[in-house]
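Descriptive structure summary
The lines below spell out each chain.
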Amino acid sequence: MGSIILLLVVIVAVIVIFAALKAKSKDSDGNGEETWPFYAKKPLSQPEQVLYFRLIQALPDHIILAQVQLSRLLGVKKGNNFQSWNNQII
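Residues numbered from 1 in each chain as written. Predicted model: local features only at pLDDT ≥ 70, side-chain atom pairs only at ≥ 80, totals over all residues. Heavy atoms only, no water.

In terms of helices and strands, the protein chain carries three helices and two strands. In the protein chain, the order of α-helices and β-strands from amino to carboxyl end is α-β-α-β-α. Within the protein chain, buried positions represent 9% of all 90 residues. Across the protein chain, every contact between residues at least 6 apart in sequence was considered, and the portion connecting residues at least 24 apart equals 71%. Accessible surface for the protein chain amounts to roughly 7900 Å². Of this, 63% is attributable to carbon and sulfur atoms. (Helix = DSSP H or I, 4+ residues; strand = E, 2+ residues; numbered from the N terminus. Buried < 20%, exposed > 50% of the residue type's maximum accessible area, 1.4 Å probe, protein only. Contact = heavy atoms within 4.5 Å. Areas by Shrake-Rupley, 256 points an atom, 1.4 Å probe, with all protein chains shown as cover.)

Given below as structure tokens:
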């Protein structure tokens, strides 16, 4: 009797795992929830990069960090509400 219950529990667990994996693959295919419309951007412009590397050369014993806004790292693809998506990540 105990082995039958254990077998049923294992079967139910396998079914739940397969259902979760199927739902996850549906989301990544675009058939489920909306995907995030972000793309990577260069955080520093060309003049800022030149200044950054000059600072690194001028101050070799120091750590130079570039502080930039999140909107300089991530852009929102056209056709999407920038403010709405930006609010979701900050």
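After presenting the structure, the write-up continues.
This next bit is on the packing of aromatic side chains. Scanning the entire structure with this criterion turns up two aromatic pairs. Aromatic side chains Tyr 52 and Phe 53 sit 5.4 Å apart centroid to centroid with 75 degrees between the ring planes, which places their arrangement in the edge-to-face category. Relative accessible area serves as the criterion here: at 23%, Tyr 52 is assigned to the partly exposed category. Taking relative accessible area as the criterion, Phe 53 reaches 48% and is therefore assigned partly exposed. (Phe/Tyr/Trp six-rings, centres within 6.5 Å; stacked < 30°, edge-to-face > 60°.)

Here we come to a nonpolar patch on the surface. A cluster of nonpolar side chains, Ile 4, Leu 8, Ile 11 and Ile 15, forms an exposed patch at the surface whose accessible area comes to about 390 Å². Here Leu 8 lies in helix 1 (residues 2-29). (Patch = residues over 30% accessible without salt bridge, like charges linked within 9 Å, V, L, I, M, F, W, Y side chains within 5 Å. Salt bridge = Lys/Arg side-chain N within 4 Å of Asp/Glu carboxyl O.)

Once that is clear, we can look at the confidence of the model for the protein chain. Taken residue by residue, the protein chain gives an average pLDDT of 77. The fraction at 70 or more is 74%. The secondary structure element of the protein chain with the lowest average pLDDT is helix 1, at 67, and the one with the highest is helix 2 (residues 46-58), at 93. (pLDDT = per-residue confidence, 0-100.)

Turning next to the environment of Phe 38. Positionally, Phe 38 belongs in strand 1 (residues 38-40). Expressed as a C-alpha distance, the spacing of Phe 38 and Lys 77, which sit 39 residues apart in the sequence, is 6.0 Å.

A few words on the environment of Gln 49. Secondary-structure assignment places Gln 49 in helix 2. Overall, the relative accessible area of 25% leaves Gln 49 in the partly exposed class. A C-alpha to C-alpha distance of 9.5 Å links Gln 49 and Ala 66, two positions 17 residues apart in sequence.

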